[in-house]
Amino acid sequence: MRGSIEIHVVSLKYVIHHVSWSSLRPLHMKRASMVAFQTSVRIMRPRHELFAYVADPTQFPHWNSAVESVRATSTRPGEAGSTFLMRRALPTGPAENTLEILELTPPTTFAIRTTSGPTPFVYRYRFMADGVATILELDATVELAGLATLAGPLAGRAVRRGVDANLATLKHLLEAGAD
């Protein structure tokens, strides 16, 4: 087990290490570099509305630029433990991931993880009422493989920029009143 290095840049925290994700990573995945960060956005929508939209994985293609489609693969898609097939367009080419809802506590917490496919990740969203708006906080952990592991913090910043751009799209979409 190798050590970890933490690099703090503004509110961004990178954690690059070479340890197993234990239960969060499928056993067939090889060791790779992990990038962890936190980000947030304030959206002028009531907390329950924002939660309902973000916690529905089938809505991801509307606000996540890499996601092309998401469909439920379990019989009860609105519960913790339910699964989805997500198709994405990544810089390395088309990809499929199986998503699992880890936690669903309306209207405060929603967490998902990939259980198969490239770039394994765990995203934990928290929703906090702020007057008529909602602050959406995201704690993200993404596992990078291949050449991305060599880029270290640069790859982490690219992932963070992509996530921030997606949250800006979400903000624009919901504040414009679109469903």
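First, a word on what this report is: a plain description of the structure on this page. (Residues numbered from 1 in each chain as written. Predicted model: local features only at pLDDT ≥ 70, side-chain atom pairs only at ≥ 80, totals over all residues. Heavy atoms only, no water.)

1. Section: unusual backbone geometry
Next up, step 1: Here the residue pair Pro106 and Pro107 is connected by a cis peptide bond, since its omega of -10° sits within 30 degrees of zero.
Next up, step 2: For Thr119, which is not a glycine, the phi torsion comes out positive at approximately 45°.
Next up, step 3: Relative to the assigned elements, Thr119 resides in the loop between β7 (109-116) and β8 (121-130). (Helix = DSSP H or I, 4+ residues; strand = E, 2+ residues; numbered from the N terminus.)

2. Remarks on the environment of Phe51
Next up, step 1: Looking at where Phe51 falls in the secondary structure, it is placed in helix α1 (residues 47-54).
Next up, step 2: Residue class for Phe51 comes out buried when judged on its relative accessible area of 6%.
Next up, step 3: Each C-alpha atom, one on Phe51 and one on Met128, is 9.9 Å from the other, the two residues being 77 residues apart in sequence.
Next up, step 4: When near neighbours in sequence (up to four residues on either side) are disregarded, Phe51 contacts Leu104, Thr105, Pro106, Pro107, Thr108, Thr109, Phe110 and Phe127. (Buried < 20%, exposed > 50% of the residue type's maximum accessible area, 1.4 Å probe, protein only. Contact = heavy atoms within 4.5 Å.)

3. Structural notes on the pairing of strand β9 (residues 133-144)
Next up, step 1: Where strand β3 (residues 33-43) lies against β9, 11 bridges are found, and the strand directions are antiparallel. Paired with Gln38 across the two strands is Asp139, which belongs to β9.
Next up, step 2: For β8 and β9, the ladder comprises 10 bridges, and the chain directions are antiparallel. When the bridges of β9 are listed, Tyr125 appears paired with Leu138. (Pairing = 2+ DSSP bridges.)

4. Focus: the sheet that holds β8
Next up, step 1: Spatial strand order, β3-β9-β8-β7-β6-β5-β4: 7 strands in an open sheet with antiparallel pairing. Of all strands in the sheet, those bounded by a partner on one side alone are β3 and β4 (67-72). In this sheet, neighbouring strand axes are inclined to one another by 20° on average, regardless of whether the strands run parallel or antiparallel.
Next up, step 2: Along the sheet, α1 contacts β3, β6 (93-105), β7, β8 and β9; its crossing angle with β8, the most-contacted strand, is approximately 165°. (Axes fitted to C-alpha atoms, helices over the stretch in contact; angles between N-to-C directions.)

5. Comments concerning the layout of surface pockets
Next up, step 1: Empty space within the largest pocket amounts to approximately 760 Å³.
Next up, step 2: In terms of lining residues, the largest pocket is bounded by 31 residues, among which Arg88, Leu90, Pro91, Thr119 and Val159 are the most central.
Next up, step 3: At the level of secondary structure, the elements contributing two or more residues to the lining of the largest pocket comprise α2 (60-63), β5 (83-90), β8, β9 and α4 (153-175).
Next up, step 4: Ranked by residue count, the leading element in the lining of the largest pocket is α4, at 7 residues. (1 Å grid on protein atoms, 1.4 Å probe; cavity = no way out; pocket = protein on both sides within 12 Å on 5 of 7 lines; lining within 4 Å. Points joined across faces, edges and corners; volume = space filled by probe spheres on them.)

6. Section: the pattern of salt bridges
Next up, step 1: Counted under the stated rule, the structure contains 10 salt bridges.
Next up, step 2: Its salt-bridge partner being Arg160, residue Asp164 comes within 2.7 Å of it at the nearest N-O pair. Of this pair, Asp164 and Arg160 both sit in helix α4, 4 residues apart, roughly one helical turn.
Next up, step 3: Residue classification places Arg160 among the buried positions, given a relative accessible area of 13%.
Next up, step 4: Through salt bridges with shared partners, a single ionic network connects Arg126, Glu137 and Asp139. (Salt bridge = Lys/Arg side-chain N within 4 Å of Asp/Glu carboxyl O.)

7. Side note on the packing of aromatic side chains
To describe a pair of aromatic rings, one takes the distance between the centres and the angle between the planes.
Next up, step 1: Evaluated as defined, the whole model comprises 5 aromatic pairs.
Next up, step 2: The interplanar angle of 70° and the centroid separation of 5.0 Å between the aromatic rings of Phe51 and Phe127 together place this pair among those described as edge-to-face. Of this pair, Phe51 sits in helix α1 while Phe127 sits in strand β8, and the two are 76 residues apart along the sequence. Both residues of the pair, Phe51 and Phe127, count as buried.
Next up, step 3: Ring geometry for Tyr123 against Tyr125: centres 6.2 Å apart, planes inclined by 85°, an arrangement best described as edge-to-face.
Next up, step 4: By relative accessible area, which is 4% here, Tyr125 ends up buried.
Next up, step 5: A network of ring pairs unites the aromatic residues Phe110, Phe121, Tyr123 and Tyr125 as a single cluster. (Phe/Tyr/Trp six-rings, centres within 6.5 Å; stacked < 30°, edge-to-face > 60°.)

All we've got here are geometric facts, nothing functional implied.
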